[in-house]
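# Architecture and fold: a report
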Amino acid sequence: MVEACMDAYFNSGLDLSQFGGWSGILEKLQVPQLTHEEFLEECMKTGSYLTLYTYILQQLPACQSLNDELKVLSKLVNWTLAAKPGQDNESKLLLWWAKAMELCVRQVNFGAPHQYVIKALNTLAPTLNTMGEDKASAGLLGAIGLGRRSALSLRFRLVCRSFLSFILAQIPGNSFLRTQPHAPAAISKRHRAPLPNQPDVYPTPRALQALASLEALHNNKQYAGLRDSAYLASAFVSDPANSLKDATKLIALLANNLYPDKHYLAILRTELYK
């Protein structure tokens, strides 16, 4: 019921200029305290991803330390691992991911060990990879190319491949985190080899494979209608001027290009004007 009301609210032609239309929702949603965890579990079961996002927005002001924010980040990552979206609610996950990346950047900016962020990104990566597949690759049938076709839309699969490629490109060597423009070991074509003075800092095979998978969409007839967005995403990933701090901008660009009809994503578009 709550999720349906939110969907109706964002489709009612409201003014989205104030916090992307979310201010009114934040004031009204109340999570029952006595059945707190049960409520969140039920939201996951029913795919009520806007409700869960609202819960996160309400919880963040109560965080008093980086550790508190890290717990929220972990919750968003774990929710992503457990989520089973369909084409009707897949785009709502972009809100989770943008907030997760914002929290990753805050961890970095305020001096938390980079390993915390690297762990979160590495935990998120396999699920993004699975969601971005055109066919399931798990199991015997998947191994021989006969996996079940994805139930997710082409545009969401493009988002997943783009986001996966970008976050893997920010953790070269799996021990170094790219947090500044032109940081070492960018995944641009000029920087795909190990650096002479930093032999352990280079794009990982996973990162190169993820980018290759994204670039393969340029000539994939199935994605012909999304080709411009695929080119935009691969150029963004390959730009050495981009780092972890640009992750939310990539999600905002993809939301703007691929989901202009989803008004609840208007909150992300503020990233495009920073």
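Note that the coordinates shown come from a computational prediction; the quantities given were computed from them, not determined experimentally.

### Focus on the pattern of salt bridges
- Under the criterion given, the structure shown has 7 salt bridges.
- A salt bridge links Arg106 to Glu69; its shortest N-O distance comes to 2.8 Å. Of this pair, Arg106 sits in helix 6 (residues 93-109) while Glu69 sits in helix 5 (residues 66-82), and the two are 37 residues apart along the sequence.
- Judged by its relative accessible area of 9%, Glu69 is buried.
- Across the salt bridge formed by Asp261 and Arg155, the nearest N and O atoms sit 3.4 Å from each other. Within this pair, whereas Asp261 is found in the segment after helix 12 (247-258), its partner Arg155 is found in helix 9 (residues 154-169), the two being separated by 106 residues in sequence.
- Taking relative accessible area as the criterion, Asp261 reaches 38% and is therefore assigned partly exposed.
- A network of salt bridges, in which partner residues are shared, links Glu3, Asp7 and Lys92.

### Concerning the packing of aromatic side chains
- Throughout the structure, instances matching the rule amount to 8 aromatic pairs.
- Aromatic pair Tyr9 and Phe10: ring centres 5.2 Å apart, planes at 80°, arrangement edge-to-face.
- When its relative accessible area of 1% is taken as the criterion, Phe10 is described as buried.
- Relative to Phe236, the ring of Phe166 lies with its centre 5.6 Å away and its plane at 50°, an arrangement referred to as tilted. Of this pair, Phe166 sits in helix 9 while Phe236 sits in helix 11 (residues 227-238), placing them 70 residues apart in sequence. Accessibility classification places Phe166 together with Phe236 in one group, the buried group.
- Among the aromatic residues, those joined into a cluster by ring pairs are Tyr49, Tyr55, Trp79 and Trp96.

### Considering the environment of Phe39
- With respect to the secondary-structure elements, Phe39 resides in helix 3 (residues 36-45).
- Taking the C-alpha atoms as reference points, Phe39 and Leu52, separated by 13 residues in sequence, lie 9.6 Å from one another.

### A look at a negative patch on the surface
- Together, Glu37, Glu38, Glu41 and Glu42 make up a region of like negative charge exposed at the surface.
- Residue position: Glu38 is located in helix 3.

### With respect to the nonpolar core
- Of all hydrophobic cores here, the largest spans 85 residues; its most connected members are Trp22, Leu94, Trp96, Trp97, Met101 and Leu268.
- Top contributing element to this core by residue count: helix 6, with 12 residues.
- When sequence neighbours within four positions are dropped, the list of residues in contact with Leu94 reads Phe156, Val159, Ile251, Ala255, Tyr259, Leu265 and Leu268.

### Re the side chain of Ser234
- Among the structural elements, Ser234 can be located in helix 11.
- Of note is the side chain of Ser234, whose polar atom sits 2.9 Å from the side chain of His218.
- Within the local environment of Ser234, its side chain forms a polar contact with the backbone oxygen of Tyr231, the two atoms lying 3.1 Å apart.
- In this structure Ser234 touches Leu211, Leu214, Glu215 and His218, once residues within four positions along its chain are discounted.

The rules behind these values
- Residues numbered from 1 in each chain as written.
- Predicted model: local features only at pLDDT ≥ 70, side-chain atom pairs only at ≥ 80, totals over all residues.
- Heavy atoms only, no water.
- Salt bridge = Lys/Arg side-chain N within 4 Å of Asp/Glu carboxyl O.
- Helix = DSSP H or I, 4+ residues; strand = E, 2+ residues; numbered from the N terminus.
- Buried < 20%, exposed > 50% of the residue type's maximum accessible area, 1.4 Å probe, protein only.
- Phe/Tyr/Trp six-rings, centres within 6.5 Å; stacked < 30°, edge-to-face > 60°.
- Patch = residues over 30% accessible without salt bridge, like charges linked within 9 Å, V, L, I, M, F, W, Y side chains within 5 Å.
- Areas by Shrake-Rupley, 256 points an atom, 1.4 Å probe, with all protein chains shown as cover.
- Lys, Arg positive; Asp, Glu negative; His and termini not counted.
- Charge placed at Lys NZ, Arg CZ, Asp CG, Glu CD.
- Core = buried A, V, L, I, M, F, W, Y, C linked by side-chain atoms within 4.5 Å.
- Contact = heavy atoms within 4.5 Å.
- Polar contact = N/O pair within 3.5 Å; in protein donor to acceptor, adjacent residues only side chain to side chain.

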